[in-house]
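Residue-level structural notes
In case you want the letters, here they are:
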Number of protein chains: 2
Amino acid sequence: VNPTHDRSDGHNAAGPGYAGNARVPAAEPPIAVRWADDGTGVDIIDQTLLPEFERRVSLRNADDVVEAIRSLRVRGAPAIGIAAAMGLAVEMGRHVADRPATFTERLRRTTALLRAARPTATNLAWAVTRTAGVVSAVPDQAEAVRAMHEEATRILLEDRQMCRMIGENGLLLMPDNASLLTHCNAGALATGGIGTALAPVYLAAAAGRSVHVYASETRPLLQGSRLTAWELERAGIDVTLIADSVAAVLMAQGRIDLVIVGADRIAANGDVANKIGTYGLAVLASHHGVPFYVAAPTSTIDRATATGADIPIEVRDADEVRRGFGRLTAPANVAVFTPAFDVTPSALVTAIVTDRGILRPPYGPAIAALASVV
Amino acid sequence: VNPTHDRSDGHNAAGPGYAGNARVPAAEPPIAVRWADDGTGVDIIDQTLLPEFERRVSLRNADDVVEAIRSLRVRGAPAIGIAAAMGLAVEMGRHVADRPATFTERLRRTTALLRAARPTATNLAWAVTRTAGVVSAVPDQAEAVRAMHEEATRILLEDRQMCRMIGENGLLLMPDNASLLTHCNAGALATGGIGTALAPVYLAAAAGRSVHVYASETRPLLQGSRLTAWELERAGIDVTLIADSVAAVLMAQGRIDLVIVGADRIAANGDVANKIGTYGLAVLASHHGVPFYVAAPTSTIDRATATGADIPIEVRDADEVRRGFGRLTAPANVAVFTPAFDVTPSALVTAIVTDRGILRPPYGPAIAALASVV
């Protein structure tokens with residue numbers, strides 16, 4: 001099988017369309033995930049090497065994709081969903097000539113493998129299930145593989161469009177000369193497009209509006225300093241890096257107009273799972289009267305999860321804290337508590353910015369209403 | 001001049017006296033600062049090398065001491081006060097044969113140099129001024145140098161005693177099976193004795209009481225992971241390391257009975273300057289109904305500073321965040337906001353634990369009353 005890969009169809013740096021603007025950034029946001037040129041691989045920026053090296057790697061099968069997701073070469077809830085969807089299509093393309101029973105069993109196992117690569121983000125399971133779901137409607141295996149490639153491409157293109165819509169909705173919440181704080185990376189590197197939390201920032205800059213971003217470095221893996229600061233600086237947007245513990249001081253000094261973060265999963269009641277540290281920022285924002293916004297595509301809302309208490313929280317390796325920089329920064333065997341995510345109760349969330357509009361409390365009815373119009 | 005250095009007089013590891021206890025820790029707390037064996041130098045553990053290497057270095061003049069304070073080889077408000085007091089005596093000992101005018105001028109310049117090594121901690125200026133102050137009462141330069149050595153030794157021994165008293169007072173605030181959170185390092189490595197915030201922990205362990213410490217790693221320089229986790233583990237005390245951003249989750253889960261931190265300066269109204277991140281923890285503690293304690297010797301209270309707004313906050317080099325571990329973890333030239341300290345308003349402080357008792361709000365009168373009994 002050799003699916004058609006039109007370079008205008010999600011495989012290319014279509015970008016957010018800055019051309020012609022007077023304050024055009026120095027460069028466009030990076031492309032976190034796309035098809036490899038020949039269509040038989042998933043091309044990603046290896047985010048573990050940033051900011052020292054900007055290197056693209058091509059993932060050639062599902063095991064490669066799982067390894068890349070687990071090791072955070074590709075990360076961010078939307079981006080790992082896209083990569084996993086593409087990875088499923090790539091893997092099944094390698095086995096298009098298998099006997100039907102073998103093909104079906106491999107599809108089942110690969111779907112399960114990809115879904116389990118990380119437990120917290122809901123987009124991952126959603127994207128893989130959606131991609132696998134197209135198989136039953138087609139007559140043969142070659143068609144099935146082609147349909148999965150097309151579905152993965154649709155997920156990528158929809159994500160790009162969702163990012164833009166989130167950006168346009170989020171822009172409505174940003175004052176002139178906005179100074180905002182974001183945590184972790186919910187930017188272009190986390191999605192197929194211009195990001196979720198950073199989408200309004202890119203659009204504000206593209207519209208010639210002044211905007212300043214404080215990026216918290218986000219220990220232990222420093223996605224704020226390694227990724228957010230990198231992609232914003234690369235795009236010519238004002239960014240100031242802080243250690244995570246500096247956020248409270250900035251708020252007390254009145255230097256933060258709003259906090260905006262992404263989400264890995266949003267429960268039916270509006271509780272938000274996101275990078276560890278998000279909950280603390282929400283409490284600090286509440287204390288200082290700073291609006292706290294969550295930006296995410298509607299695919300991040302998991303109506304099957306009633307509240308944040310039902311969201312599984314991944315715990316990562318202690319050495320990410322003890323030896324995070326290739327150097328021992330703690331006693332070698334000291335106990336470490338290393339949740340990768342935390343849950344912010346919906347009561348601390350001022351609004352949830354989605355591609356389909358801005359949700360306000362009470363979130364239960366707002367999310368239910370969103371579902372009813374799908 | 002060759003001052004007498006009685007090894008029982010502050011130059012030795014007298015330790016906190018754990019001997020004979022059933023739950024004796026594996027080792028005693030480390031000695032952060034003491035006289036070099038020959039009395040002509042200041043012997044410190046180079047804390048920039050911990051936890052990889054435990055190496056003692058001998059500082060031989062005031063410039064050495066200033067460099068060691070600036071580069072954080074010796075740190076912690078009490079310990080830098082002691083090191084600077086000793087450094088003044090050592091420096092003047094090298095110039096005991098100078099002409100009187102030269103000696104006096106060198107004393108003035110060295111005092112100013114040492115006082116200016118770091119701007120925020122009040123103990124530094126206090127200890128240097130106190131040590132220089134003994135000179136006017138003695139008839140000749142040799143006597144002056146000897147008197148300064150003795151005064152520096154007194155400061156060390158008093159600090160050791162203050163730590164013990166803070167520990168005993170703090171112990172009154174600790175429930176059985178206490179699980180507490182501390183930030184940065186206010187332990188033995190920060191003082192001449194068993195620490196300030198950690199003093200009650202050492203005494204609880206010595207008394208056979210169960211105690212568990214969560215140590216926040218304290219970006220950017222990781223005093224929590226490199227120093228607090230190291231000294232507690234070395235002493236056989238249960239410690240769990242967390243990234244700074246994990247504290248809020250622990251509090252929400254009810255796993256923190258109390259927060260206890262040190263202080264670099266306490267204003268006359270009870271506002272507390274301490275390591276960056278302290279203020280955020282105080283807000284989080286308040287939100288979760290967790291008591292927030294500050295432990296410090298009375299020498300940390302600066303009655304000449306009316307409120308926290310009057311405390312100068314040192315700003316450190318951006319590369320401590322961008323290249324903190326010898327590796328580039330952010331864009332090389334990205335802007336960074338790097339305050340070394342923050343100010344916690346007294347309204348968020350449940351109690352201040354001093355060597356002379358536990359202060360409770362309102363702190364203005366409590367601090368004034370403390371002064372009146374000196």
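Conventions used here
Residues numbered from 1 in each chain as written. Chains lettered and ligands numbered in written order. Predicted model: local features only at pLDDT ≥ 70, side-chain atom pairs only at ≥ 80, totals over all residues. Heavy atoms only, no water. Contact = heavy atoms within 4.5 Å. Buried area = accessible area lost by both parts, 1.4 Å probe. Salt bridge = Lys/Arg side-chain N within 4 Å of Asp/Glu carboxyl O. Polar contact = N/O pair within 3.5 Å; in protein donor to acceptor, adjacent residues only side chain to side chain. Helix = DSSP H or I, 4+ residues; strand = E, 2+ residues; numbered from the N terminus. Nonpolar A, V, L, I, M, F, W, Y, C, P; charged D, E, K, R; others polar. Least-squares fit on C-alpha atoms with pLDDT ≥ 70 in both. Buried < 20%, exposed > 50% of the residue type's maximum accessible area, 1.4 Å probe, protein only. Pairing = 2+ DSSP bridges. Axes fitted to C-alpha atoms, helices over the stretch in contact; angles between N-to-C directions. Parallel < 35°, antiparallel > 145°, perpendicular 65-115°, else oblique. Left-handed = near helix turned anticlockwise from the far one by under 90°.

Our next topic: the interface of chain B and chain A. Contacts between the two partners involve 46 residues from chain B, matched on the other side by 46 residues from chain A. Roughly 4100 Å² of surface becomes buried between chain B and chain A when both sides are summed, with 67% attributable to carbon and sulfur atoms. Taken together, chain B and chain A are joined by four salt bridges. With a shortest N-O distance of 3.0 Å, A:Arg327 and B:Glu52 are connected by a salt bridge. Linking chain B with chain A are 13 residue pairs in polar contact (both at pLDDT 80 or more). Breaking the side of chain B that touches chain A down by element, the ones donating at least two residues are helix H7 (223-234), strand E6 (238-242), helix H8 (247-252), helix H9 (278-288) and strand E12 (335-336) of chain B. In terms of residue count, H9(B) provides more of the side of chain B that touches chain A than any other element does, six residues in total. Along the lines of polarity and charge, the residues of the side of chain B that touches chain A split into 27 nonpolar, eleven polar and eight charged.

A word on the relation of the copies chain B and chain A. The two chain copies are connected by a rotation around an axis plus a translation along it. With an RMSD of 0.0 Å, the operation that places chain B on chain A is a rotation of 180 degrees combined with a shift of 0.0 Å along the axis. Read as a symmetry element, the transformation amounts to a two-fold axis. Measuring from the rotation axis to each C-alpha of chain B, the shortest distance belongs to B:Phe325, at 3.3 Å. Most of the interface of chain B is mirrored in chain A, where 100% of its interface residues again form contacts.

Turning to the pairing of strand E10 (residues 292-295) of chain A, a few remarks are in order. Residues and elements named next belong to chain A. Burial along E10 is two-sided: Phe292 and Val294 facing one way and Tyr293 and Ala295 facing the other are all buried. Sheet topology note: the strand E7 (residues 258-261)/E10 ladder contains three bridges and is parallel. Each residue of the ladder has a partner; that of Val259, found in E10, is Phe292. Pairing of E10 with strand E14 (residues 351-354), which is carried by three bridges, proceeds in the parallel orientation. Following the sheet pairing, Ala295 is matched in E14 by Val353.

For the peptide bond that leads from A:Leu50 to A:Pro51, omega is 5 degrees, which places it in the cis range. The topology assignment puts A:Pro51 in the loop between strand E2 (42-45) and strand E3 (56-59). The step from A:Pro361 to A:Pro362 runs through a cis peptide bond, and the omega angle for that step is -5 degrees. Structurally, A:Pro362 can be placed in the loop between strand E15 (357-359) and helix H11 (363-372). In this structure, A:Leu72 is a non-glycine residue whose phi angle is positive, near 70 degrees. Tracing the sequence through the fold places A:Leu72 in the loop between helix H1 (62-70) and helix H2 (77-93). For A:Leu72, a relative accessible area of 8% translates into the label buried. With a phi angle near 55 degrees, B:Cys184 is a residue other than glycine that sits in the positive phi range.

Turning our eyes to something else, we now look at the packing of helix H3 (residues 100-115) of chain B against helix H5 (residues 141-171) of chain B. Residue and element names in this part refer to chain B. Two elements in contact, H3 and H5, have axes separated by 12 Å at closest approach and are oriented at 20 degrees. Judged by the inter-axis angle, H3 sits roughly parallel to H5. Note on packing geometry: the crossing formed by H3 with H5 is left-handed. Across the interface between the two elements, Pro100, Phe103 and Leu107 from H3 touch Gln141, Ala144, Val145 and Met148 from H5. Tallied by class, the residues present in the contact of H3 with H5 amount to six nonpolar, one polar and no charged.

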